[in-house]
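Residue-level listing of the chains:
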Amino acid sequence: MRGRWWAGLALVLMGGCESEAARSVPEVARLPAVAARCLLTLPDVKAAAVARARLSREADRYLGRQPGRLAYSALDLVSGVRLGHAEHENAIITASGAKVDILLALLARRERLSAGERDLASRMIRESDNRAADALWGRVGAGAGMAAFYRKIGLRETTPGPSRYWGGTSTSPADRVRLLKLLVSGGRGLGEADRNLVLGLMGRVQREQAWGVSAAARRGDRVALKNGWTPRPFVHNTWAVTSYGRIAGPGRDLLLSVQTDQQPSHGRGIQAIEGLSRLIGTRLGELSPSRTRPCAAHPTT
């Protein structure tokens, strides 16, 4: 009787130990192991070079079909992609494109614009009002004052128009992109408030003047631009038509300048600019492709 009692007690004690041990095993240890897959995303340099060469060929073919002279420069601040053709050509006049320059030069001279100057600035940029530009051109010192301003901000390929003719200012697409980059990123003494004022006006130009590099925009992109156009009666009755600006949206911050002259008409110049801008805007995403690869088998920490 006493032996069966001790045997029963031993079984109870052994059962209790086993149950306690089972409860002490973490629940996660009972789950099946799942291998995690690690992937790295890297720039595909080879594919980018192929896409860039293909776009350059297409752009060259497009330019070859257009009348007159065309030059352009493009820089995407997000991907760092640069494109251009004759981008340092600086003998094409920018006409009303110089109005942004006039406003920036005025802001560099003033701690604060008067109410009258702010009104002139708004009409000069948003409406492309020539009389407003005439008034402010004198306040920045005309050609001499603008030449000093261009030296200050590093635009070496821009020459102000002679005497009172601000519309005769000549520039290069590369200098227009440099100016846009200063407006976006700052530097050379351009303060944030002044830059925001200028970009804000460029973003609200009248609808009928919103043509040009805006053709590079996707749905929902923000556009800030300034266009220029003028007849050239002494150059075979042709036109100079120019457009430059910023096109920003998800995954892109494109600075683009397209300049033309010796165009048969105002409309033909616009058509040439918009066709090239649309080509660049449509294909820009292809110029920064990526690829994936597995992570290292035994990564170090």
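Going by the structure above, here's the rest.
Below: a short report on this structure. (Residues numbered from 1 in each chain as written. Predicted model: local features only at pLDDT ≥ 70, side-chain atom pairs only at ≥ 80, totals over all residues. Heavy atoms only, no water.)

Description of the overall build of the chain
- When helices and strands are tallied, the chain shows 9 helices and 9 strands.
- Of all 301 residues assigned to the chain, the portion counted as buried reaches 43%.
- Contacts in the chain between residues at least 24 apart in sequence constitute 66% of all its contacts with a sequence separation of at least 6.
- Approximately 16,500 Å² of the chain is accessible, and the part contributed by carbon and sulfur atoms is 54%. (Helix = DSSP H or I, 4+ residues; strand = E, 2+ residues; numbered from the N terminus. Buried < 20%, exposed > 50% of the residue type's maximum accessible area, 1.4 Å probe, protein only. Contact = heavy atoms within 4.5 Å. Areas by Shrake-Rupley, 256 points an atom, 1.4 Å probe, with all protein chains shown as cover.)

Considerations on the state of the cysteines
- Going through the model one piece at a time under the given rule, you end up with 1 disulfide.
- Here C38 pairs with C295 through a disulfide, and the sulfurs are 1.7 Å apart. The disulfide joining C38 to C295 has a torsion of about -60° about its S-S bond and is therefore left-handed. Of the two residues, C38 sits in the loop between helix 1 (2-24) and strand 1 (39-43) while C295 sits in the segment after strand 9 (290-294), which places them 257 residues apart along the sequence.
- Among the residues examined, C38 registers a relative accessible area of 43% and is labelled partly exposed. (Disulfide = S-S within 2.5 Å.)

Let's talk about the sheet that holds strand 6 (residues 222-232)
- Ordered by their spatial adjacency, 5 strands build an open sheet running 3-2-8-7-6, and the pairing between neighbours is antiparallel. Looking at strand neighbours, the two that pair on one side only are strand 3 (82-85) and strand 6, the edges of this open sheet. Ignoring strand direction, the axes of neighbouring strands in this sheet form an average angle of 5°.
- Note that strand 7 (residues 238-249) and strand 8 (residues 252-263) share 10 bridges and pair antiparallel. Directly across from G249, in strand 8, lies its bridge partner R252.
- With respect to the sheet, helix 7 (residues 173-185) is in contact with strand 2 (69-76), strand 3, strand 7 and strand 8, its orientation differing from that of strand 8 by roughly 150°. (Pairing = 2+ DSSP bridges. Axes fitted to C-alpha atoms, helices over the stretch in contact; angles between N-to-C directions.)

Concerning unusual backbone geometry
- Despite not being glycine, R188 has its phi angle at roughly 55°, a positive value.
- Within the secondary structure, R188 is located in the loop between helix 7 and helix 8 (192-202).
- When its relative accessible area of 48% is taken as the criterion, R188 is described as partly exposed.
- Of note, H236 is a non-glycine position whose phi angle comes to about 60°, a positive value.

Focus on helix 5 (residues 130-139)
- Within helix 5 the residues assigned to the buried category are A132, A133, L136 and W137. Considered in projection along helix 5, the buried side chains sweep an arc of 135° and stay on one side of the axis.
- Considering only its buried residues, helix 5 is in contact with helix 3 (99-109), helix 4 (115-126) and helix 6 (142-153).
- Here helix 5 starts with a cap whose side-chain oxygen sits 2.9 Å from the backbone nitrogen of R131, and that cap is D129.
- Looking one or two residues past helix 5, G141 carries a phi angle of roughly 90°, positive in sign. (Arc of directions from axis to C-beta. Polar contact = N/O pair within 3.5 Å; in protein donor to acceptor, adjacent residues only side chain to side chain.)

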